[in-house]
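Examining the three-dimensional arrangement
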Amino acid sequence: MLALLLISTLLSLNQNGMCLQRLQLKQSFSVPTQCNDKCGSFQIPFPFHLNASCGASVSNAFHLSCLNSTTLYLHIGIQSYRVVDFFSDGVLVDFPGTSSTCRQYNDLNAFDFAGNDYFGISADNVIGLYDCEDSSLCKTGCETNDLPGCDGNNGGSLACCYPLSDHSIWHSGDGFSSFSKFGCRGFASWVVPRGSNTGKRGVKLEWAIPRNTTASAKVCASNADVVNATTVEAGVRCSCQDGFVGDGFANGAGCFKACIKEGQEAYGEDCDSPRHSQRKLVIVAGVLAPVFILASLFLFLCILKRPVKPGAFDLDQAHYHSTISFRKACRTRLFSYRELDEATKAFEDGQKLVDGMNGTIHAGVLGDGSHIAVQKVQCENERDLIHVLSIIELLSAILHKNLARLLGCCVDSGYTLMVVYEYPANGTLEEHLHNSRGQNFGLDWYKRLSIAAETASLLAYLQYEISPPVFHHGLKSSGYIFLDVDFSVKLAGFALLSSSSAADCSHLCNNRESSPHIRTNDVYDFGLLLLEIISGSKYSEMPSVALQKIKSGKLEEIVDPSLYYHEQPIFRREQIEIVADIATRCLLFGGDGKIGMIDVAREVVHIAKESIDGGSKRGPALEETFSNSSLLQMISMSPDSIHVP
């Protein structure tokens, strides 16, 4: 079994020594269709059609018209919608009756179509709402998407946005007029494909064929499955099975076998003829197979001598699931070990940002000049590897402006997993707090307060709006909190591998080695971070010293000298005192769960917003960061209800 496993692994590796190569089959190639219709730059996919005699076998609902051989229109009822783009499950259209001039905002009744048997408004749309009297519908996270304006450039931060995938306000079958009950007077729409944070202006309509109709009977080709639509009630589509590409329809292109030949995509009959390089790999595998078989026998004998524990993990099953998990988790880019080794200068100590419970993180620069941070996690077995990959898969699906972008990953020999993050050129928070970058000026209080508020908001978002909740476990200013050019937080270095102590605390806490009687979690660690933000020094090893100073009314003795505490106005000194009080309560009650991250974020953001409302010269950046989101509705509530010990 191991020999077969190693041979298959050898066949899946390329000659450049990649850690693991995902044979991802793209569907962007041009496949022949029954109709082969074109309009301007559009290659019209089946079942959409221009010629009524071509696609009418499915339904006339998909009939399009081409104006002046350049502009494509979809007709639904009496309305005509200009087609902007096609997707495998939908079509992006403009507002009906609009001219070539883009309107930044539209009336809520401007798009009055809600759905029929063939089309429905897709949940992939993100809505920007304007002049809303009630902002409780606004959601956090979607404002981090790149949503272009009419000029094609970034439209800036939205005052209020709502992803239709949230389904708390808008439900399938609803029209956009449902937002009028919140007093909203205008809106714009973008489609943001799953796994992306870049939007395209327009309204995406999902399409489907009604189930249990003549059109849906045996409509799918061989090697295609019938899949249910999400927003078209009782609607279905055809989808090619794994290893095949095409439109999936029996009357369309059908499904073609897809494969990789010499690093290039190949389809149909080209997949059946072996290439020269593959024959060489087969020969090499045949030569090495006896060696692998002997090694397998030796390992098999060793395994037989080991006692089998009840519930032991199945290796074959583990490898299968880890392969699947790896493909899902590393959906972005697979790095080779050589790439990361060269980028980090062979992982030398001078490149190391942090070495903590969450693994080591090294800074590096790729060949194209991109700055990266590589988190190296050493797994003990297949079970650990699967667990880590599942967390990476979860993190890669989360889009948040304060979450460091996950670029990809790599599996070294054995069970060493490397996760690659984007590393902003402004370095880590620790470098700025300790002035180790040689800058002329340290962080002022407004920047520190903004950093604290962004970090708290992100942690609260991950714990209260993501399912299952995500915890950091080991928050530090060194190596885990990056800063971009605007001093906005980019958090990385999550605990990908649960320790035994974390498991004992239900994955919510772990035991500090230096003080076994103190249970710590993200709230406790955030308290330490607040102390470091206030003092510019680390108190992770002896927080009791700082707490004693605060309790004795000697806060000024631990405040960072670069903040010039005694020269600050009274309201700013009061802010520092309040933040010190929050840090104290995090350290005293965070480990026992008496104070949650949402409580902490509510107070810190409240202080940050007071600074803005008080007329500070910080600018609109922080206001835009926290304005109008569902999490803010919880965080920004008056802290009067919070028990302050």
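Before reading on, note that the structure itself is shown above.
Let us look at the structure shown here. Everything numeric in this text was worked out from a predicted model, so none of it was measured. (Residues numbered from 1 in each chain as written. Predicted model: local features only at pLDDT ≥ 70, side-chain atom pairs only at ≥ 80, totals over all residues. Heavy atoms only, no water.)

1. Comments concerning the packing of helix α10 (residues 522-535) against helix α12 (residues 570-589)
Formally: Every axis corresponds to a line fitted to the C-alpha atoms, with the helix fit spanning only the stretch in contact, and the corresponding angles, defined between N-to-C directions, vary from 0 to 180 degrees. Numbering of helices and strands starts at the N terminus; helices are DSSP runs of H or I of at least 4 residues and strands are runs of E of at least 2. Any angle from 65 to 115 degrees is called roughly perpendicular, while one under 35 is roughly parallel, one over 145 is roughly antiparallel, and all others are oblique. For a crossing to be left-handed, the near helix must be turned anticlockwise from the far one by less than a right angle; the clockwise case is right-handed. The contact rule is simple, with two residues in contact once any of their heavy atoms fall within 4.5 Å.
It is at 7 Å that the axes of α10 and α12 come closest, and there the two elements cross at 150°. Compared by their axis directions, α10 and α12 come out roughly antiparallel. Between α10 and α12 lies a crossing whose hand is left-handed. Seen from α10, the contacting residues are Val-523, Tyr-524, Phe-526, Gly-527, Leu-528, Leu-530, Leu-531 and Ile-534; seen from α12, they are Ile-576, Val-579, Ala-580, Ile-582, Ala-583, Cys-586 and Leu-587.

2. A look at the environment of Gly-235
Note that Gly-235 resides in strand β15 (residues 235-240). Each C-alpha atom of the pair Gly-235 and Tyr-118 lies 7.1 Å from the other, and the pair is 117 residues apart in sequence. If we skip the residues at most four places from it in the chain, Gly-235 touches Ala-208, Ile-209, Pro-210, Arg-211, Val-227, Asn-228 and Ala-229.

3. Some points on the environment of Arg-185
The test is simple: Exposure categories follow from relative accessible area, calculated using a 1.4 Å probe and restricted to protein chains: below 20% of the type maximum is buried, above 50% is exposed, and the middle band is partly exposed. Two N or O atoms count as a polar contact when they lie within 3.5 Å, although within protein this holds only if one can serve as hydrogen donor and the other as acceptor, and sequence-adjacent residues are included solely when both atoms are side-chain atoms.
Here Arg-185 shows up in the loop between β9 (161-163) and β10 (186-191). When its relative accessible area of 48% is taken as the criterion, Arg-185 is described as partly exposed. In the structure, Arg-185 is positioned 77 residues away from Leu-108 in sequence and 6.6 Å away in space, judged by C-alpha atoms. Non-local contacts of Arg-185, meaning those with residues more than four positions away in its chain, are made with Asn-106, Asp-107, Tyr-130, Asp-131 and Glu-133. Engagement of the side chain of Arg-185 in a polar contact is seen with the backbone oxygen of Gly-183, the distance being 3.3 Å.

4. Some thoughts on the pattern of salt bridges
Charged atoms that come close allow side chains of opposite charge to pair. Defined as follows: Salt bridge, as applied in this entry: a Lys or Arg side-chain nitrogen positioned within 4 Å of an Asp or Glu carboxyl oxygen.
In the structure shown here, the tally under the stated rule is 16 salt bridges. One salt bridge connects Lys-204 with Asp-124, and the closest N-O pair in it is separated by 2.8 Å. Of this pair, Lys-204 sits in strand β12 (residues 203-207) while Asp-124 sits in the loop between β7 (119-121) and β8 (125-130), and the two are 80 residues apart along the sequence. Taking relative accessible area as the criterion, Asp-124 reaches 8% and is therefore assigned buried. One salt bridge connects Glu-603 with Arg-585, and the closest N-O pair in it is separated by 2.9 Å. Note that Glu-603 is positioned in helix α13 (residues 597-613) and Arg-585 in helix α12, a separation of 18 residues in sequence. For the pair Glu-603 and Arg-585, one class covers both residues: buried.

5. Points about unusual backbone geometry
A cis geometry characterises the amide bond from Phe-46 onward to Pro-47, with omega recorded as 15°. Here Pro-47 shows up in the loop between β2 (42-43) and α2 (52-55). Positive phi is not limited to glycine here, since Asn-68 has a value of about 55°. Taking relative accessible area as the criterion, Asn-68 reaches 63% and is therefore assigned exposed.

6. Some points on the nonpolar core
Threshold: Side-chain atoms within 4.5 Å link the members of a nonpolar core, which is a set of buried Ala, Val, Leu, Ile, Met, Phe, Trp, Tyr and Cys residues.
Counting residues in each nonpolar core, the largest one holds 82 residues, and the members touching the most others are Phe-526 and Val-600. For this core, the leading source of residues is helix α8 (residues 445-464), giving eleven residues. With residues near it in sequence (within four places) discarded, Phe-526 still touches Ala-452, Thr-455, Ala-456, Leu-459, Leu-475, Cys-586, Met-597, Val-600 and Val-604. Core analysis: the second largest hydrophobic core is formed by 48 residues, Val-58, Ile-121, Cys-184 and Ala-224 among them.

7. Here's the deal with the packing of aromatic side chains
What counts is decided by this rule: Ring pairs are drawn from Phe, Tyr and Trp, using the six-membered ring of Trp, whenever the two centres fall within 6.5 Å, and their geometry is named by plane angle: stacked under 30 degrees, edge-to-face over 60, tilted for the rest. For a lysine, the NZ atom is tested; for an arginine, the CZ atom; a charge sits over a ring if that atom is within 6 Å of the ring centre and within 35 degrees of the ring normal.
Within the structure shown, the criterion is met by 19 aromatic pairs. Pairing Phe-46 with Phe-249 gives two aromatic rings, centres 5.4 Å apart and planes at 65°, and the pair type is edge-to-face. Linking Phe-46 in the loop between β2 and α2 with Phe-249 in the loop between β16 (244-245) and β17 (256-261), this pair joins segments that are 203 residues apart in sequence. For the pair formed by Phe-46 and Phe-249, the shared burial category is buried. Look at Tyr-105 and Tyr-130: their rings are 4.0 Å apart centre to centre, the planes differ by 50°, and that puts the pair in the tilted class. With a gap of 25 residues between them, Tyr-105 in the loop between β6 (90-93) and β7 and Tyr-130 in strand β8 connect regions that are remote in the sequence. Using a relative accessible area of 14% as the deciding quantity, one classes Tyr-130 as buried. Ring pairs connect the aromatic residues Phe-42, Phe-46, Phe-48, Phe-62, Phe-86, Tyr-118, Phe-119, Trp-207 and Phe-249, which therefore count as one cluster. For Lys-204, the ring lying beneath its charged end belongs to Phe-87, and the centroid distance is 4.8 Å. In this structure, Lys-376 is placed above the aromatic ring of Phe-347, and the distance from its NZ or CZ to the ring centre is 3.8 Å.

8. Side note on the pairing of strand β3 (residues 64-67)
Going by this rule: Should DSSP find at least two bridges between two strands, the strands are taken to pair.
As judged from the four bridges shared by β3 and strand β4 (residues 71-76), these two strands associate in the antiparallel manner. The residue of β4 that forms the bridge with Leu-67 is Thr-71. Counting the residues in the hairpin turn of β3 and β4 gives three residues, including Asn-68, whose phi is positive at 55°.

9. With respect to the sheet that holds strand β14 (residues 224-228)
Here we have three strands laid out as an open sheet, ordered β13-β15-β14, and antiparallel in their pairing. The open sheet has two edge strands with one neighbour each: β13 (209-210) and β14. One ladder, built from two bridges, connects β13 with β15; its direction is antiparallel. Residue pairing for β15: Pro-210 is matched across the bridge by Gly-235.

10. Let's talk about helix α6 (residues 382-396)
For clarity, the cut-off: Working rule for helices: expected span equals 1.5 Å times residues minus one.
Its 15 residues give α6 an end-to-end C-alpha distance of 21 Å, which sits within 8% of 21 Å, the value for a rise of 1.5 Å per residue. Taken as a whole, α6 has its buried residues at Glu-382, Asp-384, Leu-385, Ile-386, Val-388, Leu-389, Ile-391, Ile-392, Leu-395 and Ser-396.

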